[in-house]
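Residue-level structure breakdown
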Amino acid sequence: MSSTPETRPQGTAETRASSPRVVVIGAGIVGCSLADELTARGWTDVTVLEQGPLPAPGGSTSHAPGLVFQTNPSKTMTEFARYTVEKFNSLEVDGVSCFNQVGGLELATTPERLADLHRKAGYAASWGIRGEIVSTARCKQLWPLLDESVVLGGFHTPDDGLARALLASRAQLERATARGARFLDRHTVTGIERDGGRVTAVVTDRGTFPADHVVSAAGFWGPVIGRMAGIDVPLQPLAHQYAKTRPLPELADAADGGVPAEATKPILRFQDRDLYFREHNDRLGIGSYAHKPLPVDPFALLSYDDARAENMEMPSSYPFTEEDWAPSWEDCRGLIPALRESEIETGFNGVFSFTPDGFPLMGETRELRGFWLAEAVWVTHSAGVARAVAEWMVDGRPTTDVHECELTRFEGAQRSPSYVTERGCRQFVEVYDVLHPLQPMEQPRPLRVSPFHARQQALGARFLEGGGWERPHWYEANAPLADGIEVPERDAWSARYWSPIAAAEARATREKVALYDMTPLRRLEVTGPGALDFLDRMTTNNLRKKPGAVTYTLLLDETGGVRSDLTVARLAPDRFQVGANSPADLDWLLRHAPSDVHIKDITSGTCCIGVWGPLARALVQPLTRDDFSHEGFGYFRAKETFLGHVPVTAMRLSYVGELGWELYTTADLGLRLWDTLWEAGQEHGVVAAGRSAFNSLRLEKGYRSWGTDMTDEHTPFEAGVGFAVRMDKEFTGRAALTQDPPTRRLTPLLLDDPAANVLGKEPVHVDGVPAGYVTSAAYGYTLGRCIAYAWLPAGLATGAAVHVEYFGEKIPATVAEEPLFDPKMTRIRC
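Residues numbered from 1 in each chain as written. Predicted model: local features only at pLDDT ≥ 70, side-chain atom pairs only at ≥ 80, totals over all residues. Heavy atoms only, no water.

**Some thoughts on the overall build of the protein chain**
Within the protein chain one finds 21 helices and 43 strands. Relative to the compact-globule value of 28 Å for 830 residues, the protein chain shows a C-alpha radius of gyration of 28 Å, a close match. Over its C-alpha atoms, taken along the principal directions, the protein chain stretches across nearly 90 × 65 × 50 Å. Per-residue burial for the protein chain yields a buried fraction of 60% across its 830 residues. Restricting to contacts in the protein chain with at least 6 residues of sequence separation, those with at least 24 account for 72%. When the accessible surface of the protein chain is split by element, carbon and sulfur atoms take 50% of a total near 31,100 Å². Here the protein chain holds 84 positive side-chain charges and 108 negative ones, and the gap between their average locations is 5 Å. (Helix = DSSP H or I, 4+ residues; strand = E, 2+ residues; numbered from the N terminus. Rg over C-alpha atoms; globule rule 2.2 N^0.38 Å. Buried < 20%, exposed > 50% of the residue type's maximum accessible area, 1.4 Å probe, protein only. Contact = heavy atoms within 4.5 Å. Areas by Shrake-Rupley, 256 points an atom, 1.4 Å probe, with all protein chains shown as cover. Lys, Arg positive; Asp, Glu negative; His and termini not counted. Charge placed at Lys NZ, Arg CZ, Asp CG, Glu CD.)

Take a look at the structure:
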């Protein structure tokens, strides 16, 4: 995992002749890294096209200040950064290393920031990054220029540092060229040729280049290249201020009369004022995110030569706007007294890329096979992203889970230019903000609402957002039900985006009956004469059951990793309804579907209500003439029927561990379905319940959430869903599965202290050292304990003592046996 390409077999003339023809668009840090990674894997017929001059073609790489902080809330992004550091540390040009490992220091000047640094230290421990919380005195020792009176503490990461981006580009360019790749500057791409749904060539102003694969690594020009290929690239370029001071005597004096080194102090973040700092010999470089967002139209960006003609240094370097800088300069002087006698010598507004969620855009497009994206990638993650894309192209999948970065992840409603710009600008604003894991963006909202939205508002729903959907997390109308329920007081952080009302909604579900809006869950319709064979081949469980059967099953990749989990209902011999997770599931199935299979996303045209609780049958049965008894409508069965005047597809499933049904109808009848159920439920004490209660109940039952608890990095047997795998049939990924005992498992923990809470991604310590991390966590109201699922070594026995680190405090917990609630399933199968 940590090896660099130079340790692998090199390409030869024969491998170049036999390898696919690859054209990479863009010779910045991503394009050069990708050429290096591809050629190291034997794909040596690689042409990299660049519109500007090499080695500094004028994109974001050419002006990047190079700060690499590895620790990120995302495990994937941290792994990308870690590989970038490892690789650049191993590269040098003319005896100069491509990485200056000066370390990193993040400062806290408020109690809120200091607490957040403790949380960040937890991420570092979870993902295996060296780091520690340090005192004010240690911050001053690491950065003597600081005014320590304003600093409360810091987070020191000794392995972070400065990437010399242009040097790293050159080093990888030279290695790739030695293996057979060619780099052509001054070639402006003007078109993408295609035939039969596949890319065939890249057209430039200096000729056409045939290709089997084309990778757009064009940075903020990505949307321009995408339009040529007929592919939407949801990316917003924004300008970001960077300035250099005049020479500082304090930095010159530190060199003891010699020439100051490029940098010796840790790269510095002052996030309470949206600032970062690095040394440039005897000057300081300062970057600011404090100014208003400055979006740039990617279609109005100048070429390199046109930019030079406009007296711009490069296309990515816009004029410095001093009025935006002024407040930040005062903040700089407040933190570093030496700046009070200095001035800004040079500055520019540098353009780089943001997506609506802040993650890169990676992968091959289905609409144009052979056309790949490696876009919205910062220097920090460049080598890691390039490795993942190269693995994807050569081996069929990356070794790192990339579901957060897949280009298919955005819903259609999240791809409008207005949405991309608005959310991209918000990502810029929030780069350094202290963000809660449940915190939604405030605009543009509401975007997607279920047919029940008006009724939910009337009940005082408190909405969060996911996938553009407004999702109720609890209802203020249920506040009286919380009276008398003893719920331990929460710390301020875990109390955000939470209410004790969730405990009342969970109790109502366990004791009576509740309605849950399940509309945002993805629904696919799969039809055609080949539908059964196709779905049975693509998934792990046995789908060859009579119509009316519902099956929990898994989508695996060729290596046996869990791509997704599905609920498949056979409604007719050649018609299935599939409950899926993300747009990537639809994309995966469409890529593999034969011509006699038709797949349609029906989510937006339908809706769903989960009716769950011991009184669910008493509520539903009077509304229909069909038999909803246990004998007449068994568990994991489906039936098309009517409830009152509403045609529904009813599925007897439960994600909360109680008797009940998922009820589907068309969107136009959704409000009538809600009102029908609500009116019928009054005599049974029905309540509307939100996602907060839902998550608690599903963890009490140990039900997995794909993308949080398990991904394609995990096998079914590691993740505890091996029961959904039938090894006596053929399916994608079967050959890679092994019956050897797993070395790690998704493990349930109960926190020993009834008042303790964790939220997810915290490190878990075994015998005093980090041994894994939490995936999902929630307070189990039925159990009276916080539940945390964590990836841990498989050898831990039930009852073993561990500690979960939460904001620097190690909280005792115990390995539990699952399911934690109703192990005999008597409440569901009744």
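**Points about the sheet that holds strand S13 (residues 198–204)**
Across the sheet, which stays open at both edges, the three strands sit in the order S12-S13-S14 with antiparallel pairing between neighbours. Both outer strands of the open sheet, strand S12 (189–195) and strand S14 (207–210), are each paired with one neighbouring strand and no more. Each adjacent strand pair in this sheet contributes to an overall mean axis angle of 25°, direction not counted. The sheet contact formed by S13 and S14 spans four bridges and is antiparallel. Along S14, the bridge assignment pairs Val 203 with Thr 208. (Pairing = 2+ DSSP bridges. Axes fitted to C-alpha atoms, helices over the stretch in contact; angles between N-to-C directions.)

**A closer look at helix H5 (residues 111–127)**
For H5, spanning 17 residues, the distance from its first C-alpha to its last is 25 Å, which sits close to the expected 24 Å at 1.5 Å a residue. Taken together, the buried positions of H5 are occupied by Arg 113, Asp 116, Leu 117, Arg 119, Lys 120, Ala 121, Gly 122, Tyr 123, Ala 124, Ser 126 and Trp 127. Two residues or fewer past H5, Gly 128 is found with a positive phi of approximately 85°. (Expected span 1.5 Å × (residues − 1).)

**A few points about the environment of Gly 26**
With respect to the element layout, Gly 26 can be found in the loop between strand S1 (22–25) and helix H2 (29–40). A relative accessible area of 9% means that Gly 26 is categorised as buried. If we ignore the near neighbours within four places in the chain, the residues touching Gly 26 are Gly 31, Val 48, Leu 49, Glu 50 and Ala 217.

**Focus: the pattern of salt bridges**
All told, the structure shown has 57 salt bridges when counted by the stated rule. When the shortest N-O distance is used, the salt bridge between Asp 116 and Arg 119 registers 2.6 Å. Placement of both Asp 116 and Arg 119 in helix H5 is noted, with a separation of three residues, approximately one turn of the helix. In terms of burial, Asp 116 and Arg 119 fall into one category: buried. The salt bridge partner of Asp 282 is Arg 283, with a shortest N-O separation of 3.1 Å. (Salt bridge = Lys/Arg side-chain N within 4 Å of Asp/Glu carboxyl O.)

**What about the sheet that holds strand S24 (residues 371–375)?**
As summarised here, the arrangement of the six strands in space is S11-S2-S1-S15-S24-S23, forming an open sheet in which the pairing is mixed. In the strand order of this sheet, the two ends are held by strand S11 (182–184) and strand S23 (361–364), each with one partner. The mean angle between the axes of side-by-side strands here comes to 20°, regardless of whether they run parallel or antiparallel. Both S1 and strand S15 (residues 213–216) contribute to a ladder of four bridges, which runs parallel. Across the sheet, the residue bridging to Val 23 is Val 214, located in S15. On top of the sheet, helix H8 (residues 222–229) reaches S1, S15 and S24; it is set at about 170° to S24, its chief contact.

**A short note on the packing of helix H4 (residues 75–89) against helix H12 (residues 382–395)**
Running from N to C, H4 and H12 point in directions that differ by 105°, and their axes come no closer than 6 Å. Compared by their axis directions, H4 and H12 come out roughly perpendicular. Of H12, the residues touching H4 (which contributes Phe 80, Tyr 83, Thr 84, Lys 87 and Phe 88) are Ser 382, Ala 383, Gly 384, Val 385, Arg 387 and Ala 388. (Parallel < 35°, antiparallel > 145°, perpendicular 65-115°, else oblique.)

**Section: unusual backbone geometry**
Leave glycine aside and you will find that most residues have negative phi; peptide bonds, for their part, are mostly trans. In this model, Leu 54 is joined to Pro 55 through a cis peptide bond whose omega is 15°. Relative to the helices and strands, Pro 55 is located in the loop between strand S2 (46–49) and helix H3 (60–63). Residues other than glycine seldom take positive phi values, yet Asp 767 does so here, at roughly 55°. Relative to the helices and strands, Asp 767 is located in the loop between strand S39 (763–766) and strand S40 (769–780). Owing to a relative accessible area of 77%, Asp 767 belongs among the exposed residues under this scheme. Despite not being glycine, Phe 807 shows a phi value in the positive range, around 55°. For Phe 807, a relative accessible area of 24% translates into the label partly exposed.

**Concerning the environment of Glu 640**
Along the polypeptide, Glu 640 turns up in strand S34 (residues 638–643). Overall, the relative accessible area of 43% leaves Glu 640 in the partly exposed class. Discounting residues that sit within four places of it in the chain, Glu 640 has contacts with Leu 571, Arg 575, Asp 626, Val 648 and Thr 649. Only 3.1 Å separates the side chain of Glu 640 from the side chain of Arg 575, close enough to count as a polar contact. (Polar contact = N/O pair within 3.5 Å; in protein donor to acceptor, adjacent residues only side chain to side chain.)

**Comments concerning the packing of helix H15 (residues 501–511) against helix H20 (residues 691–701)**
Close contact between H15 and H20 brings their axes to 8 Å; oriented N to C, the two are set at 55°. Between H15 and H20, the crossing angle belongs to the class labelled oblique. Remark: the crossing between H15 and H20 carries right-handed chirality. Contacts between H15 and H20 pair Ala 502, Glu 505, Ala 506, Thr 509 and Arg 510 from the former with Ser 692, Ala 693, Leu 697 and Glu 700 from the latter. Here the contact of H15 with H20 is built from residues that sort into four nonpolar, two polar and three charged. (Left-handed = near helix turned anticlockwise from the far one by under 90°. Nonpolar A, V, L, I, M, F, W, Y, C, P; charged D, E, K, R; others polar.)

**Considerations on the pairing of S34**
As defined by bridge partners, S34 adjoins strand S35 (residues 646–651) across six bridges and the pair is classed as antiparallel. Note on S35: the bridge partner recorded for Thr 641 is Val 648. Between the end of S34 and the start of S35, which pair antiparallel, lie two residues, with Gly 644 showing a positive phi angle near 60°.

**Thoughts on the packing of aromatic side chains**
The geometry of an aromatic ring pair is captured by the separation of the ring centres together with the interplanar angle, meaning the angle of the planes. Overall, the coordinates contain 29 aromatic pairs when judged by the stated rule. Centre to centre, the rings of Tyr 635 and Phe 636 are 4.9 Å apart; their planes meet at 85°, and the pair counts as edge-to-face. Given a relative accessible area of 14%, Tyr 635 falls into the buried group. The class of Phe 636 is partly exposed, set by a relative accessible area of 26%. Their ring planes at 35° and their centres at 5.3 Å tell us that Tyr 655 and Phe 694 sit as a pair that is tilted. Taken together, the residues span a long stretch of sequence, with Tyr 655 in the loop between S35 and strand S36 (660–666) and Phe 694 in helix H20 at a distance of 39 residues. Here a set of aromatic residues connected by ring pairs shows up, and it is made of Tyr 242, Tyr 276, Tyr 289, Phe 348, Phe 352, Phe 354, Trp 378, Phe 428 and Tyr 432. Over the face of the ring belonging to Phe 821 we find Arg 510, whose NZ or CZ atom lies 3.9 Å from the ring centre. (Phe/Tyr/Trp six-rings, centres within 6.5 Å; stacked < 30°, edge-to-face > 60°. Lys NZ or Arg CZ within 6 Å of the ring centre and 35° of its normal.)

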